[in-house]
Amino acid sequence: PAGGSEDRRAVFDTKICDCCLMCNINTRFATSKGYWKDPYIQYFARSVGERKAPEINRGYYARVKGVNHLLDAFIRNSECNCQVINLGAGLDTTFWRLKDENLLPKKFFEVDFPTVVARKIHNIKTKPPLSKHLIETHSTDSLILDTQSLDSDRYCIIGADLRDISALDEKLKKFHLNPDLPTVLLSECVLVYMTPSQSSNLLRWAAEIFHTAMFINYEQVNMSDRFGQVMIENLLRRQCSLAGAELCQSLDTQKERFLKTGWEHADALDMMTVYSMLPQDDVARMECLEFLDEKELLQQLLQHYNICWASKDKLNLDLINMTL
């Protein structure tokens, strides 16, 4: 696009937001087919959109089940005496799921671009099934609500740029982030849109501020082969580059980025491996929903995404043994 660096950055940020909204549409389609239950996604994605290929739906299923397994295990290990920070949360519905399953942490934070946050806050304000959960978990008069932030006793949304660490840190502390609480940070297809130095700054900040924490990161891997290059080229056609692709070359590069920024332990699995480790009775149920003609394509797709999780464990919550 024409214009200076700020103009190009604004366009790029908009493209990332578009990807986030498309992810919600894909999620709603998958839930409409019965891959997993999410009664709240309908309030953020009004349409199920066009039919998605079965391998796409199975990929989303594996992603949701894998990330949720690690998140829920951390919360249970801390007996809910913890906090969650969802980085680049988009229109995610995890807060409402945890509330329904009686797994709500002390506080659940979400961070995303102000434009995404404004849309989410509007939806929460205008959809009673969403706002009802906030009201039920809020007991003081300190509710803060404007176009770029929402803060209640148990749930907080902040409009911020993850590339600006000082501003991010300031806003989280303003809304009562507690560095002494065990903390799990979530990041799904977020770090890959940041340069290696920007994502390293974010990981280093998290490692320095929390003494007991886990970082769960879902994104691309094995990007140096032909399949990975095609993925990158397709995104470039939509003016959305994977600025952090060099850290997505292998499972080892995914783990190393954490170990080099102050995390004590790191593991990583590609999504084909995750898929094989999920409860097989539910996988069998899910696989009956749609016929899959080309299993090789599903395998290729899942081998190019991964879940990497890193930890530091001063309070001895047995995080080093937490796995899928």
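The protein chain has the name Leucine carboxyl methyltransferase 1 in an unreviewed UniProt entry, where Takifugu rubripes is given as its organism. In UniProt, the protein chain has this text filed under Function (unreviewed entry): "Methylates the carboxyl group of the C-terminal leucine residue of protein phosphatase 2A catalytic subunits to form alpha-leucine ester residues." Per UniProt, the comment on the protein chain under Catalytic activity (unreviewed entry) is "[phosphatase 2A protein]-C-terminal L-leucine + S-adenosyl-L-methionine = [phosphatase 2A protein]-C-terminal L-leucine methyl ester + S-adenosyl-L-homocysteine".

Colleague: Outline the overall build of the protein chain, listing residues and values.
Modeller: What the protein chain contains, in helices and strands, is 12 helices and nine strands. Relative to a compact globule of 324 residues, whose C-alpha radius of gyration would be 20 Å, the protein chain shows 19 Å and is just as compact. Projected onto its principal axes, the C-alpha positions of the protein chain cover 55 × 50 × 40 Å. For the protein chain, the residues scored as buried account for 54% of the 324 residues in total. As displayed, the protein chain offers around 14,700 Å² of accessible surface, 51% of which is attributable to carbon and sulfur atoms. One finds the centroid of the 38 positive side-chain charges in the protein chain at a distance of 4 Å from the centroid of its 44 negative side-chain charges.

Colleague: Explain the packing of helix H4 (residues 114–126) against helix H5 (residues 128–136) to me, and be specific about the residues and the numbers.
Modeller: Between H4 and H5, whose axes approach to 5 Å, the crossing angle comes to 90 degrees. Relative to H5, the element H4 lies roughly perpendicular. Residues Asn123, Ile124 and Thr126 of H4 form the contact with H5, whose own contacting residues are Pro128, Leu130, Ser131 and Leu134. Its residues assigned to classes, the contact of H4 with H5 comprises four nonpolar, three polar and no charged.

Colleague: Give a description of the packing of helix H6 (residues 165–174) against helix H7 (residues 196–209) that names residues and reports values.
Modeller: Direction vectors running N to C along H6 and H7 enclose 40 degrees, while the axes themselves pass 11 Å from each other. Classified by the angle their axes make, H6 and H7 are oblique. Classified by chirality, the crossing of H7 by H6 is right-handed. Each of Ile165, Leu168, Asp169, Leu172 and Lys173 in H6 lies in contact with H7, whose residues at this interface are Asn201, Leu202, Trp205 and Ile209. Taken together, the residues that form the contact of H6 with H7 break down as six nonpolar, one polar and two charged.

Colleague: Tell me what's going on with the packing of aromatic side chains, and back it up with residues and numbers.
Modeller: Taken as a whole, this structure holds 12 aromatic pairs when the rule is applied. Between Phe95 and Tyr155 the ring centres are 4.3 Å apart and the planes differ by 25 degrees, which places this aromatic pair in the stacked class. With a gap of 60 residues between them, Phe95 in helix H3 (residues 94–100) and Tyr155 in strand E5 (residues 155–159) connect regions that are remote in the sequence. When its relative accessible area of 0% is taken as the criterion, Tyr155 is described as buried. Between Trp96 and Tyr155, the ring centres sit 5.4 Å apart and the planes meet at 65 degrees, which makes this aromatic pair edge-to-face. Of this pair, Trp96 sits in helix H3 while Tyr155 sits in strand E5, placing them 59 residues apart in sequence. Three or more aromatic residues joined by ring pairs make a cluster, and in this case those are Tyr40, Phe44, Phe95, Trp96, Phe108 and Tyr155. The ring of Phe44 carries Lys120 above its face, with NZ or CZ at 5.5 Å from the centroid.

Colleague: Residue-level account of the UniProt feature "binding site: S-adenosyl-L-methionine" (unreviewed entry) in the protein chain, with values.
Modeller: According to UniProt, the "binding site: S-adenosyl-L-methionine" (unreviewed entry) feature falls on Arg63, Gly88, Asp161, Leu162 and Glu188. With a sequence span of 126 residues, these residues are also far apart in the fold, their greatest C-alpha distance being 24.4 Å. Position of Gly88 among the secondary structure elements: in the loop between strand E1 (83–87) and H3. When near neighbours in sequence (up to four residues on either side) are disregarded, Gly88 contacts Val111, Asp112, Leu162 and Val190. Mapping Asp161 onto the fold places it in the loop between E5 and H6. A polar contact is formed between the side chain of Asp161 and the side chain of Arg163, at a distance of 2.8 Å.

The rules behind the values
- Residues numbered from 1 in each chain as written.
- Predicted model: local features only at pLDDT ≥ 70, side-chain atom pairs only at ≥ 80, totals over all residues.
- Heavy atoms only, no water.
- UniProt positions renumbered as here; feature names shortened; annotations may be inferred.
- Helix = DSSP H or I, 4+ residues; strand = E, 2+ residues; numbered from the N terminus.
- Rg over C-alpha atoms; globule rule 2.2 N^0.38 Å.
- Buried < 20%, exposed > 50% of the residue type's maximum accessible area, 1.4 Å probe, protein only.
- Areas by Shrake-Rupley, 256 points an atom, 1.4 Å probe, with all protein chains shown as cover.
- Lys, Arg positive; Asp, Glu negative; His and termini not counted.
- Charge placed at Lys NZ, Arg CZ, Asp CG, Glu CD.
- Axes fitted to C-alpha atoms, helices over the stretch in contact; angles between N-to-C directions.
- Parallel < 35°, antiparallel > 145°, perpendicular 65-115°, else oblique.
- Contact = heavy atoms within 4.5 Å.
- Nonpolar A, V, L, I, M, F, W, Y, C, P; charged D, E, K, R; others polar.
- Left-handed = near helix turned anticlockwise from the far one by under 90°.
- Phe/Tyr/Trp six-rings, centres within 6.5 Å; stacked < 30°, edge-to-face > 60°.
- Lys NZ or Arg CZ within 6 Å of the ring centre and 35° of its normal.
- Polar contact = N/O pair within 3.5 Å; in protein donor to acceptor, adjacent residues only side chain to side chain.

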